[in-house]
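Residue-level structural notes
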Amino acid sequence: MILPIYVYGQPVLREIAKPVDLEMEGLDQLIADMEETMKNADGVGIAAPQVGRSLRILIVSGADLSEDYPELRNFRRVMINPEVIEKSEETAEYSEGCLSVPDINCNVIRPKRITVRYINQNRETVTESFDGFGCRMVEHELDHLDGHMFVDRVSQIRRKLIGGKLRKLETRNFRPRYKIK
Ligand code: NI
């Protein structure tokens, strides 16, 4: 089921999301709905707070990026209760966008590599390291679980430049391409 995407200004996007109880009823359905919602909006990642659920779940999927990043053609991860256990000092800069911040793209600097421990869809605990744009996708979604958004992490000048656009999002003074809340 396609769910409405919560847009900039919604308080749930600023909450620290709660750990998921693996026995939670409807967990697999929620994951399926999140993925369907993400794909419907042409997104490459989504976190549960973006569909209004304050839970530590994220999905990334690189298939749509394979023209620019061929290595991501089969890149898809579902992460439940992910924890960053290592991050590199070295940083990388990429342009980011977000389904909750439509029509805004900004360069963001983040650690180049991270290692994450998470529970996958089969309820297995996985420890995995990420690099390149796949790493960036995971980092962006991890931020959502702690109430952060990529626009918080851009330079002050850039932030000023997008201020007007952000206010339009907050006041819903824009035309969304997908169902929003
Ligand atoms: Ni996002």
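Presented here is an overview of the structure given in this document. Residue numbers run consecutively from 1 along every chain, following the written order of its sequence. Given that the model is predicted, a residue must reach a pLDDT of at least 70 before its local features are reported, and side-chain atom pairs must reach 80 or more before they are shown or counted; all residues, however, enter totals for whole chains, interfaces and linings. The basis for every side-chain value is the complete set of non-hydrogen atoms in the structure, without hydrogens or water.

We now examine the coordination of the nickel ion. Donor atoms from the polypeptide that coordinate the nickel ion comprise Cys98 (SG), His140 (NE2) and His144 (NE2), at 2.0 to 2.2 Å from the metal. As a motif over one chain, the donors of the nickel ion read C-x41-H-x3-H. Placement of the pair is cysteine 98 in strand S4 (residues 91-98) and histidine 144 in helix H2 (residues 132-145), with a sequence separation of 46 residues. Assessed through its relative accessible area of 1%, histidine 144 is described here as buried. A 2.8 Å cut-off from the metal defines N, O and S donors, relaxed to 3.2 Å for Na, K and Ca; water is not in the atom list, so some sites may appear incomplete. In this description a helix means any DSSP run of H or I spanning at least four residues, a strand means any run of E spanning at least two, and both kinds are numbered starting from the N terminus. Think of it in three bands: with a 1.4 Å probe and only protein chains considered, a residue is buried below 20% of the maximum accessible area for its type, exposed above 50%, and partly exposed in between.

The subject of this paragraph is unusual backbone geometry. The backbone of asparagine 81 sits at a positive phi, close to 50°, despite the residue not being glycine. Even without being glycine, aspartate 103 reaches a positive phi, approximately 65°. The topology assignment puts aspartate 103 in strand S5 (residues 101-111).

Moving on: the sheet that holds strand S2 (residues 57-61). Overall, antiparallel pairing links the five strands, which are arranged S1-S2-S3-S6-S7 in an open sheet. The strands lining the two open edges of the sheet, one partner per strand, are strand S1 (45-47) and strand S7 (125-130). Between one strand axis and the next, the sheet turns through 35° on average, direction left out of account. At least two bridges found by DSSP between two strands is the condition for calling them paired. Looking at chain direction, S2 and strand S3 (residues 76-87) are connected through five bridges and run antiparallel. Looking across to S3, one finds that serine 61 is bridged to arginine 76. Along the sheet, helix H1 (residues 27-40) contacts S1, S2 and S3; its crossing angle with S2, the most-contacted strand, is approximately 40°. With axes taken as lines fitted to C-alpha atoms, and helix axes fitted only over the stretch in contact, angles between N-to-C directions fall between 0 and 180 degrees. In this analysis, two residues are considered to be in contact whenever any of their non-hydrogen atoms come within 4.5 Å of each other.

On to the environment of leucine 3, then. Mapped onto the elements of the fold, leucine 3 is located in the segment before H1. Note on leucine 3: relative accessible area 14%, which makes it buried. In this structure, the C-alpha to C-alpha distance between leucine 3 and glutamate 36, residues 33 residues apart in sequence, is 8.3 Å. Excluding anything up to four places from it in sequence, leucine 3 contacts Asp33, Thr37, Val51 and Lys179.

Here, a salt bridge means any side-chain nitrogen of Lys or Arg that lies within 4 Å of a carboxyl oxygen of Asp or Glu. In total, this model carries 14 salt bridges according to the counting rule given. Glutamate 96 is the partner of arginine 110 in a salt bridge, and the nearest nitrogen-oxygen pair spans 2.8 Å. Pair noted here: arginine 110 is in strand S5 and glutamate 96 is in strand S4, with a separation of 14 residues, a long-range link. On the accessibility criterion, arginine 110 (5% relative accessible area) is buried.

The subject of this paragraph is the side chain of glutamate 128. By the secondary structure assignment, glutamate 128 is in strand S7. Under the relative-accessibility criterion, glutamate 128 is labelled buried at 17%. For this analysis, a polar contact is any N or O atom pair within 3.5 Å, provided that within protein one partner can donate a hydrogen and the other can accept it, and provided that sequence-adjacent residues contribute only side-chain to side-chain pairs. At a separation of 2.6 Å, a polar atom in the side chain of glutamate 128 contacts the side chain of tyrosine 118. Those residues in contact with glutamate 128, other than ones at most four positions away along the chain, are Arg77, Ile114, Thr115, Val116 and Tyr118.

Remember, this is a structural readout, not a statement about activity or role.
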